[in-house]
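Coordinate analysis (summary)
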Amino acid sequence: MLRVVGELAKELNEAGIRYCHWKSNWALGESVRGDGDLDLLVHREDAPRFRAIAERLGFRPVVDAANPPFPAVEHLHAVDPESTVIAHVHAYYRVVTGQSLVKNYRLPIEPMLLENVREGEASLRVPLKGAELIVFTVRMLLKHSSPFELVLLRRQWKRIRKETAWLLDDSALETACELLPKWLPQLDMATFENSVRALERPAFLARRIALGYRIRRRLRAFARHGAIGIQIVEVRKFLNLLSHRLRGSKKGLTPNAGGAVIAFVGSEASGKSTLANEIGSWLGKHYTVERIHAGKPRGTLLTLPPNLLVPLMRRLLPSSRSTVVEAQIAGSENPPAVSPLFALRSVSLAWDRRALLLRAHANAANGRIVLCDRYPSRPGAIDGPQLARVLDSSDYSSWLRWLARLEARLYADIPTPDLVIYLSAPLDTTLARNLARDKTEPDKYVRRRHARAADFTFDHTTVRRISTERSLAETVREVKLVVWQTL
């Protein structure tokens with residue numbers, strides 16, 4: 001059990017908050033470990049006190065940036081301080097249920113669930129199985145009345161059968177039949193019992209679909225959308241869900257404070273890519289996360305043709321390679337003159353970085369969390385403007401000076417990231433890591449990059465320096481907590 005979940009249950013119980021974990025209690029053990037959502041139904045009058053307790057324990061509101069929110073429903077996230085697992089509370093102040101994509105029905109059964117409770121796992125209050133069986137049966141059969149939901153149900157069917165078997169234990173059906181006429185008289189007893197049996201056996205798909213449409217007709221007085229409106233909403237949400245899945249995000253949520261651009265910078269072999277991958281996997285379970293590499297941006301339509309020639313030019317003119325020029329500058333008090341080819345390549349790279357990072361900040365403004373491997377810093381630093389010395393000298397032609405000014409303007413257009421994770425490790429450590437990588441770099445290159453990493457400067461943003469000399473687990477935990485503070 002996550003510590004933050006145990007503390008939440010303890011404080012809600014001690015404060016006398018009227019609540020219960022109202023659905024999927026057969027898998028409550030997974031939820032209290034952080035492997036699923038905690039679906040808490042909270043009495044509307046207790047909502048302010050519930051929010052105050054949750055906020056005190058570190059829970060923050062999150063929203064679905066791609067879809068309008070459901071009424072009387074909100075998401076809250078907190079990081080468990082020990083495991084760094086993100087706990088997800090799905091708080092309901094009304095029973096809004098039905099299809100998972102739309103939740104088209106607002107059922108007036110909150111008192112039935114809140115007044116018939118028992119203690120469940122982690123001391124969380126849960127409804128009696130009979131009360132939960134009513135909700136479960138209605139939810140599952142309503143899903144059968146939508147073609148989009150049927151696609152999703154195919155993947156969930158094994159879990160549905162397990163939950164059905166769990167709910168039908170302990171005389172739950174008899175309790176449900178006692179509660180149903182009082183709290184949901186619109187649903188006749190015969191339809192309800194047939195629906196329970198159709199889930200238990202299970203019945204043929206056609207039979208379950210027919211029962212789903214029958215329940216839909218019985219409960220139409222509680223529908224939020226009409227027959228045509230629900231189709232439009234379902235199509236839009238299904239496409240949004242598909243889009244999020246293709247991008248690797250299961251939830252597509254974003255912090256209420258908005259998305260963010262988080263840059264990982266440091267010397268060669270300091271762990272930038274490894275940590276960006278770890279944070280991406282961690283956040284991607286809940287949020288829409290994008291990974292980019294500012295050190296190697298993709299070409300744009302303007303720069304694609306010259307970029308295609310880069311491999312050929314590296315072979316024909318090896319002395320003009322950026323790494324060679326960098327070494328010459330670092331190893332000489334009088335660095336060689338900037339060649340036109342190097343200047344053109346620097347401007348092209350600046351253009352591509354600008355395009356990539358402007359798009360990243362636009363995506364962050366729309367709710368994504370963008371993790372950026374490397375990020376431009378001050379002139380002369382790693383990944384920063386490379387032609388500043390052209391502007392400081394009168395020895396260059398007006399054409400080269402124009403290219404240098406253009407490069408400076410392109411980099412000046414790039415906004416600062418919301419958070420910079422500045423990674424560092426001793427030189428011996430980075431040299432050893434470089435040798436262990438699949439694609440190694442020359443020792444001289446690693447040494448130069450390690451020395452230049454001290455020149456990273458970022459103004460007007462939060463910079464957190466983190467040593468990666470410790471174990472990966474310790475470093476990942478520290479980075480997670482730093483990132484969470486920013487979100």
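Before reading on, note that the structure itself is shown above.
Below is a summary of the structure that appears in this document. (Residues numbered from 1 in each chain as written. Predicted model: local features only at pLDDT ≥ 70, side-chain atom pairs only at ≥ 80, totals over all residues. Heavy atoms only, no water.)

Take the packing of aromatic side chains next. In this description, a pair of aromatic rings is defined by centroid distance and the angle of the planes. Per the stated rule, a full pass over the model turns up three aromatic pairs. When the ring of Trp-22 is compared with that of Tyr-92, the centres are 5.0 Å apart and the planes differ by 75 degrees; the resulting orientation is edge-to-face. Separated by 70 residues along the polypeptide, Trp-22 in the loop between β1 (19–21) and α2 (28–32) and Tyr-92 in strand β5 (residues 86–92) bring together distant segments of the chain. For the pair formed by Trp-22 and Tyr-92, the shared burial category is buried. Its end group placed over the ring of Trp-157, Arg-208 keeps NZ or CZ at 4.4 Å from the ring centre. (Phe/Tyr/Trp six-rings, centres within 6.5 Å; stacked < 30°, edge-to-face > 60°. Helix = DSSP H or I, 4+ residues; strand = E, 2+ residues; numbered from the N terminus. Buried < 20%, exposed > 50% of the residue type's maximum accessible area, 1.4 Å probe, protein only. Lys NZ or Arg CZ within 6 Å of the ring centre and 35° of its normal.)

Strand order in the open sheet formed by five strands is β12-β13-β11-β14-β15, with parallel pairing between adjacent strands. The open sheet has two free edges, formed respectively by β12 (289–293) and β15 (462–467), since each of these has just one partner strand. Strand-to-strand twist of the sheet, defined as the mean angle between neighbouring strand axes without regard to direction, takes the value 20 degrees. Relative to β15, strand β14 (residues 419–424) runs parallel, the two sharing six bridges. The residue bridging Ile-421 from the neighbouring strand is Arg-464, located in β15. Sheet strands in contact with helix α15 (residues 340–365) are β11 (260–266), β12 and β13 (369–373), and its direction is about 165 degrees off that of β12. Together, β11, β14 and β15 form the strand contacts of helix α20 (residues 472–486), whose direction differs from that of β15 by roughly 170 degrees. (Pairing = 2+ DSSP bridges. Axes fitted to C-alpha atoms, helices over the stretch in contact; angles between N-to-C directions. Contact = heavy atoms within 4.5 Å.)

Looking now at the nonpolar core. Formed by 45 residues in total, the largest nonpolar core has its most connected members in Met-112, Leu-113, Leu-184 and Phe-192. Going through the elements one at a time, β6 (95–97), β7 (105–107), α4 (110–115), α5 (129–143), α6 (147–167), α7 (172–183), α8 (189–200) and α9 (205–218) are the ones with two or more residues in this core. The greatest single-element share of this core, amounting to nine residues, is contributed by α5. Discounting chain neighbours no more than four positions away, the residues touching Leu-113 are Cys-20, Trp-22, Leu-41, Val-95, Pro-127, Ala-131 and Val-135. (Core = buried A, V, L, I, M, F, W, Y, C linked by side-chain atoms within 4.5 Å.)

Another point: α20. Each turn of an α-helix holds 3.6 residues, which means side chains three or four residues apart point in the same direction. In this model, α20 (15 residues) spans 21 Å end to end at C-alpha, consistent with the 21 Å of a helix rising 1.5 Å per residue. By the burial criterion, the buried members of α20 are Thr-475, Val-476, Val-479, Lys-480, Val-482, Val-483 and Trp-484. (Expected span 1.5 Å × (residues − 1).)

Another point: unusual backbone geometry. Omega for the peptide link from Arg-201 to Pro-202 comes to -10 degrees, which places this bond in the cis form. Relative to the helices and strands, Pro-202 resides in the loop between α8 and α9. With a phi close to 60 degrees, Ala-72 is a non-glycine residue in the positive phi region. Notably, Arg-374 is not glycine yet its phi reads approximately 75 degrees, a positive angle. Looking at the element boundaries, Arg-374 is found in the loop between β13 and α16 (388–391).

For the rest of this paragraph, the subject is empty space enclosed by the protein. Scanning the model with the defined rule gives one cavity of 30 Å³ or more in all. Each pocket or cavity is described by its volume, and for the largest cavity that value is around 40 Å³. Lining the largest cavity are Gly-266, Ser-267, Glu-268, Lys-272, Arg-374, Ile-382, Asp-383, Arg-449 and Phe-456. Of the residues assigned to the lining of the largest cavity, the class counts are two nonpolar, two polar and five charged. (1 Å grid on protein atoms, 1.4 Å probe; cavity = no way out; pocket = protein on both sides within 12 Å on 5 of 7 lines; lining within 4 Å. Points joined across faces, edges and corners; volume = space filled by probe spheres on them. Nonpolar A, V, L, I, M, F, W, Y, C, P; charged D, E, K, R; others polar.)

Moving on, we get to the pairing of β11. Judged by how many residues are buried, β11 sits mostly within the fold: seven of seven residues are covered. In β11, alternate side chains face the same way, and those of Ala-260, Ile-262, Phe-264 and Gly-266 on one face and Val-261, Ala-263 and Val-265 on the other are all buried. Here five bridges tie β11 to β14, and the two strands are oriented parallel to one another. Within β14, the position partnered with Val-265 by the bridge is Tyr-422.

The end-to-end C-alpha distance of α6 is 26 Å, clearly below the 30 Å that 21 residues give at a rise of 1.5 Å each. The axis of α6 is deflected most strongly, by about 65 degrees, at Gln-156. (Bend = angle between axes of the 7 residues up to and from the residue.)

Close contact between α5 and α6 brings their axes to 11 Å; oriented N to C, the two are set at 160 degrees. In terms of orientation, α5 lies roughly antiparallel with respect to α6. With respect to the hand of their crossing, α5 and α6 are arranged in left-handed fashion. Across from Lys-129, Glu-132, Leu-133, Phe-136, Met-140 and Lys-143 in α5, the residues of α6 making contact are Glu-149, Leu-150, Leu-153, Ile-160, Glu-163, Thr-164, Trp-166 and Leu-167. Taken together, the residues of the contact of α5 with α6 sort by class into eight nonpolar, one polar and five charged. (Parallel < 35°, antiparallel > 145°, perpendicular 65-115°, else oblique. Left-handed = near helix turned anticlockwise from the far one by under 90°.)

Burial within β5 is extensive, with seven of its seven residues counted as buried. Taking every second residue as pointing to the same face, both faces of β5 are buried, with Ile-86, His-88, His-90 and Tyr-92 on one and Ala-87, Val-89 and Ala-91 on the other. Sheet topology places strand β2 (residues 38–42) next to β5; four bridges connect them, and they run parallel. Its bridge partner being in β5, Leu-41 is matched across the sheet by Tyr-92. Relative to β5, strand β4 (residues 73–79) runs antiparallel, the two being bridged by seven bridges. Opposite Ala-78, over in β5, you have Ala-87 as the bridge partner. Linking two consecutive strands that pair antiparallel, namely β4 and β5, is a turn of six residues; a positive phi of about 60 degrees is found at Thr-84 within it.

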